Each structure stands twice: as C-alpha cells, then as structure tokens.
Amino acid sequence: MERIAILASDIGRLLRREFDQRAKSAGLTRPQWRLLMTLRDREGINQGELAELLLVEPITVCRMVDRLEESGMLVRRADPADRRSWRLHLEPRARRLLEELRPTVMEFLADIFDGIPDDERQATVRTLEKLRANLVRTNDGQD
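Residues numbered from 1 in each chain as written. Predicted model: local features only at pLDDT ≥ 70, side-chain atom pairs only at ≥ 80, totals over all residues. Heavy atoms only, no water.

**Quick word on the layout of surface pockets**
Counted as a void, the largest pocket has a volume near 2,300 Å³. Lining the largest pocket are 42 residues, with Leu15, Trp33, Arg34, Leu128 and Arg132 sitting closest to its centre. Sorting the residues of the lining of the largest pocket by element identifies helix 1 (3-23), helix 2 (30-41), helix 3 (47-54), helix 5 (92-112) and helix 6 (118-140) as the ones contributing at least two each. Grouping the amino acids of the lining of the largest pocket by side-chain chemistry returns 27 nonpolar, four polar and eleven charged. (1 Å grid on protein atoms, 1.4 Å probe; cavity = no way out; pocket = protein on both sides within 12 Å on 5 of 7 lines; lining within 4 Å. Points joined across faces, edges and corners; volume = space filled by probe spheres on them. Helix = DSSP H or I, 4+ residues; strand = E, 2+ residues; numbered from the N terminus. Nonpolar A, V, L, I, M, F, W, Y, C, P; charged D, E, K, R; others polar.)

**Some points on the packing of helix 2 against helix 3**
At a minimum axis separation of 11 Å, helix 2 and helix 3 run at an interaxial angle of 115°. Every pair of crossing elements has a handedness; the one defined by helix 2 and helix 3 is right-handed. Taken together, the residues of helix 3 that come into contact with helix 2 (itself represented by Arg34, Leu35 and Thr38) are Leu50, Leu53 and Leu54. For the contact of helix 2 with helix 3, a count of residues per class yields four nonpolar, one polar and one charged. (Axes fitted to C-alpha atoms, helices over the stretch in contact; angles between N-to-C directions. Left-handed = near helix turned anticlockwise from the far one by under 90°. Contact = heavy atoms within 4.5 Å.)

Written out as structure tokens, the structure is:
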C-alpha cells in the first residue's frame, strides 16, 4: 500500500514526459491540450468551472485561456445571465488540432496499456477515479 504514492508519482511523471515528447510537433503543451479537451467536452463553461475541473487555480486557467485565445484556439463570449462572467468556446482551429492529435493520443494510450486486458484497464480507471475523488474531497477541506 505504501508504494502507491511512489508508483502514482512515477507514472504521472513518465506519462507527462512521454506525452510531451509525442505531442511536441503539434505546438501544444500538455496542459493546453488538457484544457482544450475538457472544454471540448463541456463547451460554454466559464473559467471558474474549468479551473475546478482541471484542479488548478483560476488565475492559472485565466493565463492559459489568454494564451489560447491569442492563438485563435478559443473565444470568450459574454454570459447572457451574468455580465461579469465569460463562457468559453473552441474555435475551429482548436477542433482541427485536437483531431490531428487524436491518432497520437490513441497510439500513446495503446502503448501504455499494452498487455493489460480490457477488464483490468476498466478496473484501473475506476480505481484511479475513486482515488482522485478521495483526494479532491480531502483537499477541499484544507483550503
């Protein structure tokens, strides 16, 4: 049990390094890719909601959104229900880039799950989701 933290840390570091290496040619960083993928699945959310989903500070999301907006990847649109809030939407350029990266991501996932049967993959995902939820709940009480 004690090795889980070490293994999780090692796996996270290795995943980041390998993903960055494979996706380098796309000109998109892993955090930017993650933000765009999250936004693709939840188009129209605001920056605060996005920060919560990404488990980062709102200022971090604001800076990333600024850069992605400047590069034509996304656009902020005024929230009709709240003039102080902006809703985020992907631009066609981001959709094309995500689609171009899809084969790279799928190959990456196939490589890291090589030799692991589907039922074990699914069990791993469920376990990791539970661990993440437990950690989020634990950290929510520490702010």
